[in-house]
Amino acid sequence: MSMIKLVNVRKSFGNLEVLKGINLEIQPGEVVCIIGASGSGKSTMLRCLNHLERISTGEVYIQGELTEKREKNKDLMKIDPAKVQALCAELGMVFQNFNLFPHLTVMQNITVAPTIVKKINKDIIEKTALVLLESVGLSEKRDEYPSRLSGGQQQRVAIARALAMEPKIMMFDEPTSALDPELVGEVLATMRHLAEEGMTMIIVTHEIGFAREVADRVIFMDEGVICEQGTPDEVLLNPKEERTKIFLNKIL
Amino acid sequence: MLNETQLWAILNGTIVTLEIAIVSIIVGAIFGVIVALGRISKNKVANALSWFYIWFFRGTPLLLQLFIIYYAIPIIYLDATGMTFQIDPMLCAYVAFSLNATAYLAEIIRAAIESIDNGQMEAAKALGMSYRQAMTRIIIPQTFKRLVAPMGNELILLLKDTSLVSTIALFDLLRTVKTMASASGSWIYYIYAAAIYLFLTTIIQVVFDKMEKKLGVYER
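Residues numbered from 1 in each chain as written. Chains lettered and ligands numbered in written order. Predicted model: local features only at pLDDT ≥ 70, side-chain atom pairs only at ≥ 80, totals over all residues. Heavy atoms only, no water.

## Focus: unusual backbone geometry
Residues and elements named next belong to chain A.
- Positive phi is not limited to glycine here, since His51 has a value of about 65°.
- Notably, Lys72 is not glycine yet its phi reads approximately 50°, a positive angle.
- As for its placement among the helices and strands, Lys72 is situated in the loop between strand 5 (65-71) and strand 6 (74-75). (Helix = DSSP H or I, 4+ residues; strand = E, 2+ residues; numbered from the N terminus.)

## A look at the packing of helix 3 (residues 62-81) of chain B against helix 4 (residues 89-114) of chain B
All names here are of chain B.
- One way to put it is that helix 3 packs onto helix 4 with a least axis distance of 9 Å and a crossing angle of 135°. In terms of their interaxial angle, helix 3 and helix 4 are classed as oblique. Once helix 3 is placed against helix 4, the crossing between them reads as right-handed. In this structure, helix 3 contributes Leu62, Gln65, Leu66, Ile69 and Tyr70 to the contact, and helix 4 contributes Pro89, Cys92, Ala93, Val95, Ala96, Phe97, Leu99 and Asn100.
- When grouped by side-chain class, the residues that make up the contact of helix 3 with helix 4 number 11 nonpolar, two polar and no charged. (Axes fitted to C-alpha atoms, helices over the stretch in contact; angles between N-to-C directions. Parallel < 35°, antiparallel > 145°, perpendicular 65-115°, else oblique. Left-handed = near helix turned anticlockwise from the far one by under 90°. Contact = heavy atoms within 4.5 Å. Nonpolar A, V, L, I, M, F, W, Y, C, P; charged D, E, K, R; others polar.)

## Looking at helix 2 (residues 44-59) of chain B
Residues and elements named next belong to chain B.
- With 16 residues, helix 2 should reach 22 Å at 1.5 Å per residue; the first-to-last C-alpha distance of 22 Å fits that figure.
- Taken together, the buried positions of helix 2 are Ser50, Tyr53, Ile54 and Phe57. All buried residues of helix 2 project into a common sector of 90° when viewed along the axis, lining one side. Looking at helix 2, the residues exposed on the side facing more than 90 degrees away from the buried face are Lys44, Val45 and Gly59.
- The elements touched by buried residues of helix 2 are helix 1 (4-40), helix 3 and helix 4.
- For helix 2, the N-terminal cap is Asn43; the gap from its side-chain oxygen to the backbone nitrogen of Val45 is 2.9 Å. (Expected span 1.5 Å × (residues − 1). Buried < 20%, exposed > 50% of the residue type's maximum accessible area, 1.4 Å probe, protein only. Arc of directions from axis to C-beta. Polar contact = N/O pair within 3.5 Å; in protein donor to acceptor, adjacent residues only side chain to side chain.)

## Considerations on the interface of chain A and chain B
- The interface is formed by 26 residues belonging to chain A together with 21 residues belonging to chain B.
- In terms of surface lost to chain B, no three residues of chain A exceed A:Phe101, A:His103 and A:Ile116, which account for 29% of the buried area on that side.
- For the pair chain A and chain B, the interface holds one salt bridge.
- With its nearest N and O atoms 2.6 Å apart, the salt bridge here joins A:Arg47 to B:Glu122.
- In this assembly, chain A and chain B are joined by seven residue pairs in polar contact (both at pLDDT 80 or more). (Buried area = accessible area lost by both parts, 1.4 Å probe. Salt bridge = Lys/Arg side-chain N within 4 Å of Asp/Glu carboxyl O.)

## As for the sheet that holds strand 1 (residues 4-13) of chain A
Residue and element names in this part refer to chain A.
- Taken together, the five strands give an open sheet; going across it, the order is 2-1-4-5-6, and neighbouring strands pair in antiparallel fashion. In the strand order of this sheet, the two ends are held by strand 2 (16-26) and strand 6, each with one partner.
- Summarising the sheet, strand 5 and strand 6 pair through two bridges and their orientation is antiparallel. Bridge pairing in strand 6 links Glu71 to Lys74.
- Contacts between helix 2 (residues 81-88) and the sheet are confined to strand 4 (57-62) and strand 5, with strand 5 contributing the most and set at about 115° to the helix. (Pairing = 2+ DSSP bridges.)

## Some remarks on the pairing of strand 10 (residues 217-222) of chain A
Residue and element names in this part refer to chain A.
- Among the six residues in strand 10, six count as buried, and that is most of the element.
- Taking every second residue as pointing to the same face, both faces of strand 10 are buried, with Arg217, Ile219 and Met221 on one and Val218, Phe220 and Asp222 on the other.
- Relative to strand 10, strand 3 (residues 31-35) is paired through four bridges, and the arrangement is parallel. The partner of Val32 across the bridge, within strand 10, is Arg217.
- If you look at the hairpin formed by strand 10 and strand 11 (residues 225-230), you'll find two residues sitting between the two strands, and Glu223 has a positive phi there, around 45°.

## Some words on the side chain of A:Thr105
- If you trace the backbone, A:Thr105 turns up in the loop between strand 7 (91-94) and helix 3 (106-117).
- Apart from residues lying up to four places away in sequence, A:Thr105 is in contact with A:Arg142, A:Asp143, A:Glu144 and A:Tyr145.

## Thoughts on the environment of A:His206
Residue and element names in this part refer to chain A.
- In this structure, His206 sits in the loop between strand 9 (200-204) and helix 7 (208-214).
- Counting along the chain gives 170 residues from His206 to Gly36, while the straight-line C-alpha distance between them is 7.8 Å.
- Apart from residues lying up to four places away in sequence, His206 is in contact with Gly36, Lys42, Glu174 and Ser177.

## Considering the packing of aromatic side chains
Residue and element names in this part refer to chain B.
- Under the definition given, this model contains nine aromatic pairs over all chains.
- Centre to centre, the rings of Phe52 and Trp55 are 5.4 Å apart; their planes meet at 40°, and the pair counts as tilted. You can see Phe52 and its partner Trp55 sitting in helix 2, three residues apart, about one turn around the helix.
- Considering the side-chain rings of Phe67 and Tyr71, the 5.5 Å spacing of their centres and the 65° angle between planes classify their relative orientation as edge-to-face. In this pair, Phe67 and Tyr71 both sit in helix 3, four residues apart, roughly one turn of the helix.
- Through a chain of ring-to-ring contacts, three or more aromatic side chains come together here, namely Trp51, Phe52 and Trp55.
- A cation sits over an aromatic face here: Arg175 above Phe171, 4.3 Å from the ring centre. (Phe/Tyr/Trp six-rings, centres within 6.5 Å; stacked < 30°, edge-to-face > 60°. Lys NZ or Arg CZ within 6 Å of the ring centre and 35° of its normal.)

If you want it as structure tokens, here you go:
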């Protein structure tokens, strides 16, 4: 069973069609990197998966369960919102701008969702949080507010925060794009570690070297369609499509 | 100088003034949140109701709202039921000032909520929180610091506006000293009132400044 499936997904903002018929399946344990120019629809596709954006047309499945079926911005099926919310909570998301909660400490950032969404006992989740902070190398920052952390540290807390919900899939939306160059490495190291542990991951990134190294599959998106996909070597070293070649030439 | 009776009268007037201002800022803040959430709600009915509420209570003079509650309601009640009832002027003042403060505070709170980065709501939703959980745990707490300064402003305005209640048979600070001034022909009583108003607003200003600093601990 695939973790995630998109069937002919289209998404328009007003007259602008951003996704023009996307079909995608992600298998358990797979690490998929999505590359492409800005405006190609990479982030929008990710945001459609966990319902931060509602699709215009198509079907979305999470763990084999239909979560959205729409045609021209109208629901074709009434799906229990509580069920959708529960399935979406299985998808952890890491944002470009971290989006840590500034009024909460590092520890509270990690524990707030498990305590109020999953009703996990505070003492238990704090222990889990400490283990997670340890694994991203930030256990000494537990009582700091996010504003006192560097960008790289904030992003690592954001990863720990998402992991605390025990997601089945982790999605990363350009996780290193807002970081100073010297801070990119620590975040990529954390992600690499996750991939090695067998986490299913979808990563929108401009880090081609990283994609080559960790991805099982690379997807190149252009103008709202999946233009080319395959193993990192196929897509990044021997691209078949002209548009992939042009893009790779520009950024390498 | 003031004799003992005058001193007590001025103290009582000050208490009336303070009571109305404090009750209305508290009630206004609570209902202000509800009206503000209505204003940003996608629900058309909630949206229209809050818009209408704010439109009415900001768009008409507070004095007029006070008159409607104090003079018009007993007459409407009489017409409808044939019974008279004695309306408590202090209660009228609480209600009118609270309704009015709600309208102003709702707009202040709405603006504060909308000033919080959209990424905060998205992060909360991505973590599985409902809209309600995200609002109460993530978004609204972040508005507190931004609300302190405009709330202090509103409290100071309310404190001074309480002088309007002299029109519905209440002895607030200003009316008390005015009575003394007319009776004695001395203007000095106005100076006493000014001193008391300034004393109270100074306290408000200092306390709210402190609160703002305290609520901002998480900002670098």
